[in-house]
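Understanding the architecture of this molecule
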Amino acid sequence: MSKTLKLPTIRLAANISRFVTIVVAGICGLVAGSVYAQDANLEGLGVHRWNGYGLRIETAALSHDQVRGFFIGRGFDEVGVNALIDEGCMFRSAIGNDATDPDALHVTIHQDEWRLFVDGEEQKMRTRADWPPVWDRLGVDVEQRVAFKWALFPETQIFAPTDYNWGMITFGLPPGTRFDLELVWHEREIKRTKRFQGMECAKQ
Amino acid sequence: MNAILNKLALAALGIAVLMGSASYTAAELPKNGLNPMAGTPLAPDFSLKNLDGEVQSLSDFRGQVVIVNFWATWCPPCRAEMPSMQHAWNKIKDDGVVMLAVHVGGNEDKVWSFVGEYALDFPVLIDADSKVADAWPMEGLPTSFVVDPKGRIVYRAIGGREWDDSEILKSVYDLR
């Protein structure tokens, strides 16, 4: 009697163990999948999103009319706006720490570490610090420089949990250029990377 | 008339450019997130004109808790947090807590319109050349700081917040 009771008990235990293993593996798979998931429609001018390992980012190319509208509204003249359109490859972006737990890790980005690839060739992106010489050349006034500086995403930013910024990013490529962007960020001392493929500067 | 309409259209488009981001909408403004400021550095003093042309200095408020918010009219999360700042101001202004909203950049006409549209009555100061913003430990807008009665920066919040949230207000009140 005891043997007949033990056998199903052992089978039950084994089945529970297998079930738990499968569930745990499934959950791990789902978590990993969600970390690496990105929108299916990321080609070209679509919105590029990432949410994982502390970082939350959303970015999309700005059309030339959007750039024109925003910066003429900030007092830029046609010459300054055209420089942004011809040399900027501007994207809007929202970037932050996706954690809400106050004890979660801080996230740091340095845009100098981000890498652009055009036809497989690595190129340097253009950040806030690269624009003042352009404004010097074009004689852009202080008020417009101030507006531009604060509209652009900073080169370096440390995000505590819940912190985020909105801002524009300039990749410094001609209109219509297709490229890949390798994002780099740091969760405390851990370096993380993520590649957005098939990004595109607005053609018009 | 056409010129005015064009300007209005451009202004609307300008805001829409940055509002296009689906993440971090106003509905998602964090209710917590006054993050401790490492080292609690002394807040850089400043003297700036308010919208009435009067000069106000941060050091005028030594001995009180001061919320210093850096913002701009064209910045979507700045606009999103303004109603909650006004609600917070209604609660705190008689409790020995000061709120100073420093507009980064000039164009006082637009600031005037904005303040009227949002019915704001806390002090708004103009940092036309960005020299004050450049002196503070910040890189983007909006960024807010909570300064304790000794003039030290105790908290910083990068990005918009729900300022009238009880958790945030408790953190502020606890500094008195």
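The structure presented is a predicted model; accordingly, all values stated were derived computationally and were not measured.

Points about the overall build of chain B
Per the secondary structure count, chain B includes five helices and eight strands. Each helix (α) and strand (β) of chain B, taken in turn from the N terminus, gives the series α-β-β-β-β-α-β-α-β-α-β-β-α. Counting across all 176 residues of chain B, residues that qualify as buried make up 55%. In chain B, 72% of the contacts between residues at least 6 apart in sequence involve partners at least 24 apart.

Focus: the confidence of the model for chain A
Residues and elements named next belong to chain A. Chain-level pLDDT for chain A is 82 on average; 78% of the residues reach the 70-or-more range. Note that residues 1–5 has pLDDT below 50 and, in this model, zero contacts with residues that lie over four places away or in other chains. Per-residue pLDDT stays below 50 along residues 7–43; that stretch engages in 24 contacts with residues further than four places along the chain or on separate chains.

Some details on the pairing of strand β6 (residues 124–127) of chain B
In the case of a regular strand, side chains alternate between the two sheet surfaces. Residue and element names in this part refer to chain B. Going residue by residue along β6, you find V124 and I126 tucked away on one face and L125 and D127 tucked away on the opposite face as well. By the bridge criterion, two bridges tie strand β2 (residues 47–50) to β6 in an arrangement that is antiparallel. Paired with K49 across the two strands is I126, which belongs to β6. Two elements, strand β5 (residues 97–104) and β6, share four bridges in a ladder whose sense is parallel. Its bridge partner being in β6, A101 is matched across the sheet by V124. Taken together, β5, helix α3 (residues 108–117) and β6 constitute a β-α-β crossover, and its handedness is right-handed.

Criteria and cut-off values
All residue numbers refer to positions counted from 1 along the written sequence of the respective chain. All chains are assigned letters beginning with A, and all ligands numbers beginning with 1, in the order in which they are written. Note on the predicted model: pLDDT of at least 70 is required for a residue's local features to be given, and 80 or more for side-chain atom pairs to be given and counted; whole-chain, interface and lining totals, by contrast, use all residues. For the side-chain quantities, the full set of heavy atoms in the structure was used; hydrogens and water were omitted. Numbering of helices and strands runs from the N terminus, with a helix taken as a DSSP run of H or I at least four residues long and a strand as a DSSP run of E at least two residues long. Under the scheme applied here, a residue whose accessible area is under 20% of the maximum for its type counts as buried, over 50% as exposed, and between as partly exposed, the area being computed with a 1.4 Å probe on protein chains only. Here, residues are in contact when the closest pair of their heavy atoms is within 4.5 Å. Values of pLDDT, which run from 0 to 100, indicate the predictor's confidence residue by residue. Two strands are said to pair when DSSP picks up at least two bridges between them. For a crossover, the right-handed case is the one in which the path from the first strand over the helix to the second runs clockwise, viewed with the strands pointing away from the viewer.

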